[in-house]
Amino acid sequence: EHLMKKPDGKWIVAEACGRSFGKSCPLCERANRFYNSGDKEHYRLAKAKATYLFNILVIDDKAVPENNGKVFMLKLGATVYNTIIEAMNSEFEDEARQPFDIYSGHNFIYRSRKDPAKGRQISYDKSKFEDVLTPVAKTDAEIERIMEQMHDLKQYVKDAAAKWTYEQLEAKCREAFYDNDPGSS
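Colleague: Before we move on, can you summarise the pattern of salt bridges with the specific residues and values?
Modeller: Scanning the entire structure with this criterion turns up seven salt bridges. Here Glu 41 and Arg 44 are joined by a salt bridge, their closest N and O atoms 3.2 Å apart. You can see Glu 41 and its partner Arg 44 sitting in helix 2 (residues 40-46), three residues apart, about one turn around the helix. Arg 44 sits in the partly exposed class, given a relative accessible area of 45%. Where Glu 170 meets Arg 174, a salt bridge forms, and the shortest distance between an N and an O atom there is 3.7 Å. Highlighted residues: Glu 170 and Arg 174, both in helix 6 (residues 166-176), separated by four residues, approximately one helical turn. What you see here is one network of salt bridges that share partners, running through Arg 30, Glu 170 and Arg 174.

And the structure:
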């Protein structure tokens, strides 16, 4: 996805990069021109950010208890995604975690905190897996109820990619970067 801050402080969010679907992406093209011109600041702002979508079942939400037992779509950044992948692929079998096994998986504790080292930015680096294997539910009927709540992630991404035309994204890009476009013709 691309996130761009406009001069008025509002954000433009392009939830799916066209390159994910083999299409041209004006935002990636602009980011590459920034990079090639040596403008690392604008490159960092324009480049696509890796995000990962998951269906999650909320087990224990202390802040909003009515979320317990519900399935939500959660978009994660690279930090949490890498935590999940590393735990699944541990070199030590007794440390490997399987979050996607509905009969004997490991619950993931998703923690957010303000990291003083990162200023106001929220950090998820303290997220982790529980050690205990836990079924997602006790009966097949409960599992079916949970499965019925799952979101169609492929359709979500497809819809997000169709939300903006190339021309609309290019216009948003010009707006966000004051029409600063190194190397364009």
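Colleague: Outline the packing of helix 1 (residues 26-36) against helix 6, listing residues and values.
Modeller: Between helix 1 and helix 6, whose axes approach to 8 Å, the crossing angle comes to 40°. Looking at the two axes, helix 1 sits oblique to helix 6. Contacts from Pro 26, Leu 27, Glu 29 and Arg 30 of helix 1 reach helix 6 at Tyr 166, Leu 169, Glu 170, Cys 173 and Arg 174. Tallied by class, the residues present in the contact of helix 1 with helix 6 amount to five nonpolar, no polar and four charged.

Colleague: For the confidence of the model for the chain, give the residues involved together with the corresponding values.
Modeller: Per-chain confidence: the chain averages 85 in pLDDT, with 95% of residues scoring 70 or above. Within the chain, the element-level pLDDT minimum falls on strand 1 (residues 2-5), averaging 76, and the maximum on helix 4 (residues 140-148), averaging 94.

Colleague: Please provide a residue-by-residue account of the side chain of Ser 123, values included.
Modeller: Inspection of the secondary structure assignment puts Ser 123 in strand 7 (residues 122-123). Classification of Ser 123 as buried rests on a relative accessible area of 2%. Of note is the side chain of Ser 123, whose polar atom sits 2.7 Å from the side chain of Asp 125. Excluding residues within four positions of it along the chain, Ser 123 makes contact with Arg 111, Ser 112, Arg 113, Asp 115 and Lys 118.

Reading guide: rules and limits
Residues numbered from 1 in each chain as written. Predicted model: local features only at pLDDT ≥ 70, side-chain atom pairs only at ≥ 80, totals over all residues. Heavy atoms only, no water. Salt bridge = Lys/Arg side-chain N within 4 Å of Asp/Glu carboxyl O. Helix = DSSP H or I, 4+ residues; strand = E, 2+ residues; numbered from the N terminus. Buried < 20%, exposed > 50% of the residue type's maximum accessible area, 1.4 Å probe, protein only. Axes fitted to C-alpha atoms, helices over the stretch in contact; angles between N-to-C directions. Parallel < 35°, antiparallel > 145°, perpendicular 65-115°, else oblique. Contact = heavy atoms within 4.5 Å. Nonpolar A, V, L, I, M, F, W, Y, C, P; charged D, E, K, R; others polar. pLDDT = per-residue confidence, 0-100. Polar contact = N/O pair within 3.5 Å; in protein donor to acceptor, adjacent residues only side chain to side chain.

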